[in-house]
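# What the coordinates show
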Amino acid sequence: YQRRVHGDVHGLCSDELKTTLEPGRSLLTARREREAQKQRAKKQKLDMEEDSEPKEASVEDKEVETYFSGSGNRSGWYELCGVVTHKGRDADGGHYVAWVKHKTDWLLFDDNHVDVVREEKVKEVYGGAADNHIAYLLFYRTRNLEGFVCGPQ
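Computed from a predicted model, the values in this text were never measured in an experiment. (Residues numbered from 1 in each chain as written. Predicted model: local features only at pLDDT ≥ 70, side-chain atom pairs only at ≥ 80, totals over all residues. Heavy atoms only, no water.)

## What about the overall build of the protein chain?
Going by this rule: Here a helix means four or more residues in a row that DSSP labels H or I, a strand means two or more in a row labelled E, and each is numbered from the N terminus. The rule is simple: take the accessible area with a 1.4 Å probe, protein chains only, and divide by the maximum for that residue type; under 20% is buried, over 50% is exposed, in between is partly exposed. Whether two residues touch is decided by their heavy atoms; if any such pair falls within 4.5 Å, the residues are in contact. Here the accessible surface of atoms and residues is derived via Shrake-Rupley with a 1.4 Å probe, and residues count as covered only by protein chains that are part of the display.
Broken down by element type, the protein chain carries three helices and six strands. Looking at the protein chain as a whole, 27% of its 153 residues are labelled buried. Contacts in the protein chain between residues far apart in sequence, at least 24 positions, make up 61% of those at least 6 positions apart. A total accessible area of about 10700 Å² is found for the protein chain, and carbon and sulfur atoms account for 50% of it.

## Description of the pattern of salt bridges
Note the following rule: For this document, the term salt bridge refers to a Lys or Arg side-chain nitrogen within 4 Å of an Asp or Glu carboxyl oxygen.
Following the criterion strictly, the structure yields seven salt bridges and no others. Glu119 is the partner of Lys123 in a salt bridge, and the nearest nitrogen-oxygen pair spans 3.8 Å. Here Lys123 and its partner Glu119 are both found in helix 3 (residues 119-123), four residues apart, which amounts to about one turn of the helix. Given a relative accessible area of 25%, Lys123 falls into the partly exposed group. It is possible to trace a salt-bridge network through shared partners that takes in Glu79, Lys101 and Arg141.

## Some points on the packing of aromatic side chains
For the record, the criterion: Note on aromatic contacts: the rings of Phe and Tyr and the six-membered ring of Trp form a pair at centre separations within 6.5 Å, being stacked when their planes are under 30 degrees apart, edge-to-face when over 60 apart, and tilted otherwise.
One pass over the full model with this rule turns up one aromatic pair. Ring geometry for Tyr96 against Tyr136: centres 5.7 Å apart, planes inclined by 70 degrees, an arrangement best described as edge-to-face. Residue Tyr96 is found in strand 3 (residues 93-102), and its partner Tyr136 is found in strand 6 (residues 133-142); the two are separated by 40 residues along the sequence.

## Looking at the nonpolar core
Nonpolar side chains in soluble globular proteins generally cluster together in the buried interior. Our working definition: In this text, buried Ala, Val, Leu, Ile, Met, Phe, Trp, Tyr and Cys residues form a nonpolar core when linked through side-chain atoms within 4.5 Å.
With ten residues, the main nonpolar core is built from Val5, Leu80, Val83, Val97, Trp99, Trp106, Leu108, Val117, Val122 and Val125. Mapped by element, the contributors of at least two residues to this core are strand 2 (77-90), strand 3 and strand 4 (105-110). Not counting residues within four places of it along the chain, the set of residues in contact with Val83 comprises Val97, Ala98, Trp99, Val122, Val125, Ala135, Leu137, Leu138 and Phe139.

## Here we look at the environment of His10
With respect to the helices, strands and loops of the structure, His10 is situated in the loop between strand 1 (6-8) and helix 1 (15-43). The class of His10 is buried, set by a relative accessible area of 17%. Apart from residues lying up to four places away in sequence, His10 is in contact with Lys18, Leu21, Glu22, Arg25 and Gly76.

## Things to note about the environment of Lys103
With respect to the secondary-structure elements, Lys103 resides in the loop between strand 3 and strand 4. According to the relative accessible area criterion, Lys103 is partly exposed, its value standing at 43%. Here the alpha-carbon distance between Lys103 and Cys81, two residues 22 residues apart in the chain, equals 9.5 Å.

## Some thoughts on helix 1
For clarity, the cut-off: Every helix has an expected span of 1.5 Å times one less than the residues it contains. Two axes define the bend at a residue: one fitted to the seven residues ending there, one fitted to the seven starting there, and the bend is the angle between them.
Along its 29 residues, helix 1 runs 40 Å from first to last C-alpha, staying within 8% of the 42 Å computed at 1.5 Å per residue. Of all the bends found along helix 1, the most pronounced is centred on Leu21 and spans about 40 degrees, while Pro23, a proline, follows it within four residues. Within helix 1 the residues assigned to the buried category are Leu21, Gly24, Arg25, Leu27, Leu28, Arg31 and Ala41.

## Structural notes on the side chain of Lys101
Going by this rule: The definition of a polar contact used here is a pair of N or O atoms within 3.5 Å, where within protein one atom must be able to donate a hydrogen and the other to accept one, and adjacent residues in sequence count solely through side-chain atom pairs.
Note on placement: Lys101 falls in strand 3. We classify Lys101 as buried; its relative accessible area is 13%. Within the structure, the side chain of Lys101 is placed 2.7 Å from the side chain of Glu79, a separation counted as a polar contact. Excluding anything up to four places from it in sequence, Lys101 contacts Glu79, Leu80, Cys81, Trp106, Glu119 and Arg141.

## Comments concerning unusual backbone geometry
Even without being glycine, Lys103 reaches a positive phi, approximately 60 degrees. Phi at Asp111 is positive, roughly 55 degrees, even though this residue is not glycine. A residue is classified by how much of its surface remains accessible, and Asp111, at 62% relative accessible area, is exposed.

Here's what the structure looks like:
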């Protein structure tokens, strides 16, 4: 876990599985680079196409959407979306809470209280002294085409 909220399991895969994941990784990498270039161009205030007119999806975008239209993770990239932590000196005493990512926000569920928390706070719950939150369960989900928000929203 090591305070990371995004993961790449490619290095843990067999050579056969790496070969299977490679097309998806290449498609997503190319798409993300195109999106990053568009964002850089907008920041530099270059005369780019306006988003007001609907655009037809490019061949590359259609290829990506077709490749990822099935189920399962086809890239090996994941995102942390939930953590259950324990705060206390032992399992018989203390308190459990849940940290859940909803869209772009992290929510802390503590009994009947729900608070929005910064991602940096979630990264601090990996362990430490007995009186601090210690990560007990970690939940990951696959990244989707638009970024990292997958599953129920």
